[in-house]
Each structure stands twice: as structure tokens, then as C-alpha cells.
Amino acid sequence: MKILIVEDEPKTASYLRKGLDENGFVADLAENGEDGAHLARTGGYDLIILDVMLPVRDGWSVIRELRRRDVSTPVLFLTARDAVHDRVQGLELGADDYLVKPYAFTELLARIRSILRRGATRQVSVVTVADLAIDLVRHRATRAGKLLELTPKEFLLLSLLMRRTGDVLSRTIIAEQVWDINFDSDSNVVDVHLRRLRLKVDDPHEKKLIHTVRGVGYVLEARL
Ligand code: CA
């Protein structure tokens, strides 16, 4: 599997490359957005790890160009803390997933494997699980054809659960991805929001899609 890293911070880039190499990936490096976009178009990569803040041109313009040219290589972008809006924008532009800096290398590996498992071709902007559908570009979610009225946070939460269907997500991961908070074990913010989301997504329906995994976290999947 061939991965392109687009990252301008030399230490981070070489650390990433070494880690991927040790885990059996072939990793190339681009140090700015222009080189990154060029390699991404021509290099035949299975996945692109894209920093957003880059010299010459930023990560957004790289994703935009790739998708406009119908290059469907999955993109995992790296975003800063306190940049919740960026996450929504990145997904709207056609990225597949994101990680918030600083991240643990093991978490990056888990994301890479999860994206690659979904298949080489990028999923379209609409993700469906049973009769639940979310359109990341148009910013709407429906269940059984009926529009769900979600707050922006609930939308982000649902999009996280749906993009990682079948993966059990810990409260720590959810808190970090959706709220940017340093998780504190006394905080029940994740549980409170999950409960509200369930009220809208699951309560009116017999078949439940959001499940609690005791002691671990939450998973969204269609169970028999
Ligand atoms: Ca950077």
C-alpha cells in the first residue's frame, strides 16, 4: 500500500514516514501543497495524509483540485484543535476522514486501516446504514426518508459514527473529534449528546442503529 504524506513540518513528516514504513506501508513525502497536488495526481497512491496548513497552497485547494479532476484517492486530513469548522469543511470538500493534532500514531494507523478497508474508491458524499442516510455535502440526514432536524454538533457526531460504521468509538475519541475537549472522566457531555441524537435517530423506529458498548463507548451499525 502506497501512501502520500503532505506535511511541511520536517520532524513530523519524517516521524510519520518512519512509522508508516515500519508498519509495512510505502510512504512518499511532499513538503508543500503544490508538490502534494502534483504527486497525488500522478503517483498512484492508495491514500493521502494531508496537512491543512501548508506553504504555496493549502490543503483545501489540494482536495478541491483532486476531486474536481475526479481523482478519488481517499484523503485523511490533519487539522488543528479549535478548528471545528474546518472538519465540516474538509468533509464537504470530499475528504474521507480527519485527525485532530496532536494525535497518537496508533490512532492514525487505525484510521488509515479503516479507510483502506472501506475500499480503494472513495465513498460518495452520501453514507447510508440501513434506512439512515447522511449527505455530508448537502448537510442533511434522513431516516426512512424523513429529514432529521439536527444541531451542528449532532450532525458532526452522527457523521463521525456513520463514517466509521461498525467501529466502536470511545468517549475520548468522540469528545476529541467533535468537541475539542480534553476528556475528563467526570464529563458526561458525550453521553448527553448521544442521548439527544438517539431521541431523533432511533426512538421513533423499532430498529435501533446506535448501540452502547458498556465500558468502551458507542457504535453505529445495523444489527440483525
Ligand atoms: Ca503545516
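Rules and cut-offs
- Residues numbered from 1 in each chain as written.
- Predicted model: local features only at pLDDT ≥ 70, side-chain atom pairs only at ≥ 80, totals over all residues.
- Heavy atoms only, no water.
- Domains from an automatic or database assignment.
- Contact = heavy atoms within 4.5 Å.
- Salt bridge = Lys/Arg side-chain N within 4 Å of Asp/Glu carboxyl O.
- Polar contact = N/O pair within 3.5 Å; in protein donor to acceptor, adjacent residues only side chain to side chain.
- Helix = DSSP H or I, 4+ residues; strand = E, 2+ residues; numbered from the N terminus.
- Nonpolar A, V, L, I, M, F, W, Y, C, P; charged D, E, K, R; others polar.
- Buried < 20%, exposed > 50% of the residue type's maximum accessible area, 1.4 Å probe, protein only.
- Donors = N, O, S within 2.8 Å, 3.2 Å for Na, K, Ca; no water.
- Phe/Tyr/Trp six-rings, centres within 6.5 Å; stacked < 30°, edge-to-face > 60°.
- Core = buried A, V, L, I, M, F, W, Y, C linked by side-chain atoms within 4.5 Å.

## A short note on the domain arrangement of the protein
Interfaces are often described in size by the accessible area the parts lose on coming together.
So, step 1. Segmenting the protein into domains produces domain 1 (2-119) and domain 2 (126-220).
So, step 2. In this complex, domain 1 contributes 18 residues to the contact, which on the side of domain 2 involves 15 residues.
So, step 3. Run the count over domain 1 and domain 2 and you get 3 salt bridges.
So, step 4. Asp97 serves as the salt-bridge partner of Arg163, at 2.8 Å between the closest nitrogen and oxygen.
So, step 5. Summed over the shared surface of domain 1 and domain 2, the number is 5 residue pairs in polar contact (both at pLDDT 80 or more).
So, step 6. Broken down by secondary-structure element, the contributors of at least two residues to the side of domain 1 that touches domain 2 are helix H4 (84-93), strand S5 (97-100) and helix H5 (105-117).
So, step 7. Among the elements that take part in the side of domain 1 that touches domain 2, H4 stands out by supplying 5 residues, more than any other.
So, step 8. For the side of domain 1 that touches domain 2, the per-class residue count stands at 7 nonpolar, 1 polar and 10 charged.

## Quick word on the pattern of salt bridges
Pairing of side chains with opposite charge becomes possible as their charged atoms draw close.
So, step 1. On inspection of all chains with the given rule, the structure shows 19 salt bridges.
So, step 2. The salt bridge partner of Glu22 is Lys18, with a shortest N-O separation of 3.3 Å. Of this pair, Glu22 and Lys18 both sit in helix H1 (residues 10-22), 4 residues apart, which is roughly one turn of the helix.
So, step 3. Judged by its relative accessible area of 54%, Lys18 is exposed.
So, step 4. Across the pair Arg57 and Glu34 runs a salt bridge, and its minimum N-O distance is 3.5 Å. Separated by 23 residues along the polypeptide, Arg57 in the loop between strand S3 (47-51) and helix H3 (59-68) and Glu34 in helix H2 (residues 33-42) bring together distant segments of the chain.

## Thoughts on the coordination of the calcium ion
So, step 1. In this structure, Asp8 (OD), Asp51 (OD) and Met53 (O) serve as the protein donors to the calcium ion, at separations of 2.1 to 2.3 Å.
So, step 2. Mapped onto the sequence, the donors of the calcium ion take the spacing D-x42-D-x1-M. On the criterion of sequence distance, the pair formed by Asp8 in the loop between strand S1 (2-6) and H1 and Met53 in the loop between S3 and H3 is long-range, its members being 45 residues apart.
So, step 3. By relative accessible area, Asp8 is classed as partly exposed at 33%.
So, step 4. The exposure class of Met53 is exposed, given its relative accessible area of 66%.

## Thoughts on the packing of aromatic side chains
So, step 1. If you walk through the whole model with that rule in mind, you get 3 aromatic pairs.
So, step 2. Both rings, one in Trp60 and one in Phe77, keep their centres 5.3 Å apart while their planes meet at 70°; by these two values the pair is edge-to-face. With a gap of 17 residues between them, Trp60 in helix H3 and Phe77 in strand S4 (residues 75-79) connect regions that are remote in the sequence.
So, step 3. When the centroid spacing of 5.7 Å and the interplanar angle of 45° are considered together, the rings of Phe77 and Tyr98 count as tilted. Taken together, the residues span a long stretch of sequence, with Phe77 in strand S4 and Tyr98 in strand S5 at a distance of 21 residues. Just as Phe77 is buried, Tyr98 falls in that class too.
So, step 4. A connected cluster of aromatic rings, assembled from ring pairs, spans Trp60, Phe77 and Tyr98.

## A word on the nonpolar core
So, step 1. Membership of the largest hydrophobic core comes to 49 residues, with the highest contact counts inside it found for Leu50, Leu158, Ile174 and Leu220.
So, step 2. With 7 residues, helix H6 (residues 152-163) is the single largest residue contributor to this core.
So, step 3. The residue makeup of this core includes at least three contributed by each of domain 1 (2-119) and domain 2 (126-220).
So, step 4. Non-local contacts of Leu158, meaning those with residues more than four positions away in its chain, are made with Leu132, Ile134, Ala141, Leu150, Leu197, Val201 and Leu220.
So, step 5. Membership of the second largest hydrophobic core comes to 18 residues, among which are Ile3, Ile5, Leu20 and Phe105.

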